[in-house]
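Single-letter residue listing:
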Amino acid sequence: MVFTVDRELQSLPPEIAAKLSHLLKNLPSDAREPIVNHHFISKSFFEALGFLSNECIPDFKTGNGGDAVDYALRKNTEDDSFLHTKTSPYILVELKGRDINLEYGKGSYKTTVRQLKRYFLAPKCKSVQWGIITNSKHIQLFRKHGKTIFPATPCLEINPDNIVEITYQIRKKIEDTSRALTVAVYNNKGGVGKTTTVINLAATLTRQKKKVLVIDFDPNQHDLTDSLDIQPGEYKFYNCLKDKQNLFDIKQAICPYTKTFKGGITLSFDIIPVDDQLAKIGEDQIRQEISPHSLRKKLESLKYEYDYILIDAPPNWRYYSISAIYAADVVLIPIKPNDINSLRNTAITIQQYIPEIQQSRQEKTQGLEWGAIALPIFFNGGNITDAVKVRVKNAIAKIINQAKLENNFDLTSYFFSRYIPGKNTSIFEMPNSAYIANSAFDSIPASYRYKVAYDYYSQLAKEYFIQ
Ligand SMILES: Nc1ncnc2c1ncn2[C@@H]1O[C@H](COP(=O)(O)OP(=O)(O)OP(=O)(O)O)[C@@H](O)[C@H]1O
Ligand SMILES: [Mg+2]
């Protein structure tokens, strides 16, 4: 469902802004949920977000048992009134009173986020793109793309002085929803299957009718470009990244990768390959010439054209991987299960490297963007016997305890994909497959050629991306 929105809106209309700030100012400091709802949220906040009262359904049944989210919002269209059909919700709002502390990291904050995530994935919420949690003291916006959920803003403290600007910024984000999810595939360990994952995930998603762009951002090795036998065109991505005046159109750097199969079926995805200029430029020179924020900026115009933008990052923590993660919404981390050191490296990536990038995204956006988050790790291609599983589980338990004790950082949900408190269960496993390994020399993704490989990567796509 497509909605018409006012992209020209420069600020909230003055009378709406004044009312929003006034009502927040008059809320009692101990206002419980019904008061926050009746005297602020339903009276003014939804209007400020651009919704009419008949576009907001209270206690919306999510289709998951008796679960009901406090509000579901969606604009009416000419022939479809949301209140009437109750279909295709667009935003979910989980509301709390001021007695519930929604400050980032607090127990009640974590519980509320988990609650929102459960609603997001419920049967009647497939169409949902955004979620908000607020108690009128704090507010946070979350994005949902397919099955993938990530914070779109930090958890922001609100008051009568900043509520107008914050609501306006949230409104701008929800009225300008990008089509693409940008995924950086990264591990600072080499040879864990990053490039193989990018290629086969791209191919699998195209078989599921998704439009995909792949970026080879490992210019020293350019394995992705080579293994698919891509010949970069005249136009150099290097020039585009370097261009501060936007004279170069990034689309010119894109090469299509197309395969036609028996029966005339054609499948394709797009690639930005490594060009000879990028391949030969050194780390020092690129740091001087091109900001690590450039990739994100250049991808901006493509976010409305693709469903997925997948970035293949190199195995180190230097310019290209920093740029890739700065550009991403989420980071997918393959791991070799029989390598305990790579588990420790991963903990460092999640606790230190990714938060560094989040910090710089927040600084660059005046605190309005959170920055990429790590998705739960997955085991790629190792021989996962029961003995290995036990060893790995013990090693992970040790790493999680250490992170908690030393840095007060909870790594649990980054290691276990279906994490529910008290039941930290499984880690997704991509099997070791000769079909996958051998395809590296065939210049065709295994998941285009072999059903078994397609099935494996479909499971991966289902685990992380497809609802
Ligand atoms: N699921 C799998 N089953 C079998 N072989 C695999 C699988 N995934 C990756 N491989 C093989 O593992 C090797 C390393 O994979 P790949 O080049 O994708 O790793 P990488 O992390 O990108 O490496 P680098 O760090 O050098 O960029 C390749 O030979 C690839 O074919
Ligand atoms: Mg690689």
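Residues numbered from 1 in each chain as written. Chains lettered and ligands numbered in written order. Predicted model: local features only at pLDDT ≥ 70, side-chain atom pairs only at ≥ 80, totals over all residues.

A short note on the domain arrangement of the chain
Working step 1: Assigned domains of the chain: these are domain 1 (14-174) and domain 2 (181-464).
Working step 2: Each of domain 1 and domain 2 has a C-alpha centre, and these two points are 32 Å apart.
Working step 3: Contacts between domain 1 and domain 2 engage nine residues on the former and ten residues on the latter.
Working step 4: Here the element with the most residues in the side of domain 1 that touches domain 2 is strand 6 (residues 148-151); it accounts for three residues. (Domains from an automatic or database assignment. Contact = placed C-beta atoms within 7 Å. Helix = DSSP H or I, 4+ residues; strand = E, 2+ residues; numbered from the N terminus.)

Here we look at the site of ligand 1
Working step 1: Around ligand 1, the structure places 19 residues, and the nearest of them are Gly 190, Gly 193, Thr 196, Pro 315 and Gly 381.
Working step 2: Looking at the shell around ligand 1, the elements that each hand over two or more residues are helix 6 (194-207) and helix 16 (434-439).
Working step 3: Here the element with the most residues in the shell around ligand 1 is helix 6; it accounts for three residues.
Working step 4: Across the shell around ligand 1, the residue classes tally to six nonpolar, ten polar and three charged. (Near = placed C-beta within 6 Å. Nonpolar A, V, L, I, M, F, W, Y, C, P; charged D, E, K, R; others polar.)

Description of the sheet that holds strand 8 (residues 181-185)
Working step 1: Read from one edge of the open sheet, seven strands run 10-11-9-12-8-13-15, paired in mixed fashion. Looking at the sheet topology across the chains shown, the edges are occupied by strand 10 (255-260) and strand 15 (373-374).
Working step 2: Alignment of strand 8 against strand 13 (residues 330-332), held across three bridges, turns out to be parallel. Paired with Val 185 across the bridge in strand 13 is Leu 332.
Working step 3: Packing of helix 12 (residues 319-327) onto the sheet brings it into contact with strand 8, strand 12 (308-312) and strand 13, and relative to strand 8 it is tilted by some 155°. (Pairing = 2+ DSSP bridges. Axes fitted to C-alpha atoms, helices over the stretch in contact; angles between N-to-C directions.)

So, the packing of helix 13 (residues 340-364) against helix 14 (residues 386-407)
Working step 1: Running from amino to carboxyl end, helix 13 crosses helix 14 at an angle of 30°, the nearest separation of the two axes being 10 Å. With respect to their mutual orientation, helix 13 and helix 14 come out roughly parallel. In the packing of helix 13 onto helix 14, the handedness of the crossing is right-handed. Side by side, helix 13 and helix 14 meet where Ile 340, Leu 343, Arg 344, Ala 347 and Gln 351 of the first sit next to Ala 395, Ile 396, Ile 399, Ala 403 and Asn 407 of the second.
Working step 2: In terms of residue class, the contact of helix 13 with helix 14 is built from seven nonpolar, two polar and one charged. (Parallel < 35°, antiparallel > 145°, perpendicular 65-115°, else oblique. Left-handed = near helix turned anticlockwise from the far one by under 90°.)

Digging into the environment of Tyr 304
Working step 1: Within the secondary structure, Tyr 304 sits in the loop between helix 11 (294-299) and strand 12.
Working step 2: On the neighbour-count criterion, Tyr 304 (11 C-beta atoms within 10 Å) is exposed.
Working step 3: In sequence terms Tyr 304 and Ala 180 are 124 residues apart; their C-alpha atoms lie 6.4 Å from each other.
Working step 4: Every residue in contact with Tyr 304, bar those within four places of it in the chain, is listed here: Ser 178 and Arg 179. (Buried ≥ 20, exposed ≤ 12 C-beta atoms within 10 Å, placed from the backbone.)

Describing the nonpolar core
Working step 1: Judged by nonpolar contacts, the single largest core of 84 residues is most densely connected at Ala 184, Leu 310, Ile 311, Ala 324, Ile 325 and Val 331.
Working step 2: Tallying contributions element by element places helix 18 (residues 451-464) first for this core, with seven residues.
Working step 3: Among all residues touching Ile 311, those that are not within four sequence positions of it are Val 183, Ala 184, Val 185, Ile 215, Phe 217, Ala 324, Ala 327 and Ala 328.
Working step 4: In this structure, Leu 49, Cys 56, Val 69 and Ile 163 belong to the second largest nonpolar core, which totals 43 residues. (Core = buried A, V, L, I, M, F, W, Y, C linked by C-beta atoms within 7 Å.)

Quick look at the packing of helix 6 against helix 18
Working step 1: Running from N to C, helix 6 and helix 18 point in directions that differ by 90°, and their axes come no closer than 9 Å. Looking at the two axes, helix 6 sits roughly perpendicular to helix 18. In this structure, helix 6 contributes Asn 200, Leu 201, Thr 204, Leu 205 and Arg 207 to the contact, and helix 18 contributes Ala 453, Tyr 454, Tyr 457, Ser 458, Leu 460 and Ala 461.
Working step 2: Grouping the amino acids of the contact of helix 6 with helix 18 by side-chain chemistry returns seven nonpolar, three polar and one charged.

Side note on unusual backbone geometry
Working step 1: A positive phi angle, close to 55°, is found at Lys 86, a residue other than glycine.
Working step 2: Tracing the backbone shows Lys 86 in the loop between helix 3 (82-85) and strand 3 (91-95).
Working step 3: Judged by C-beta crowding, with 14 C-beta atoms within 10 Å, Lys 86 ranks as partly exposed.
Working step 4: Positive phi outside glycine occurs at Gln 366, with the angle close to 50°.
Working step 5: Within the secondary structure, Gln 366 sits in the loop between helix 13 and strand 15.
Working step 6: Residue Gln 366 is classed as exposed on the basis of its 9 C-beta neighbours within 10 Å.

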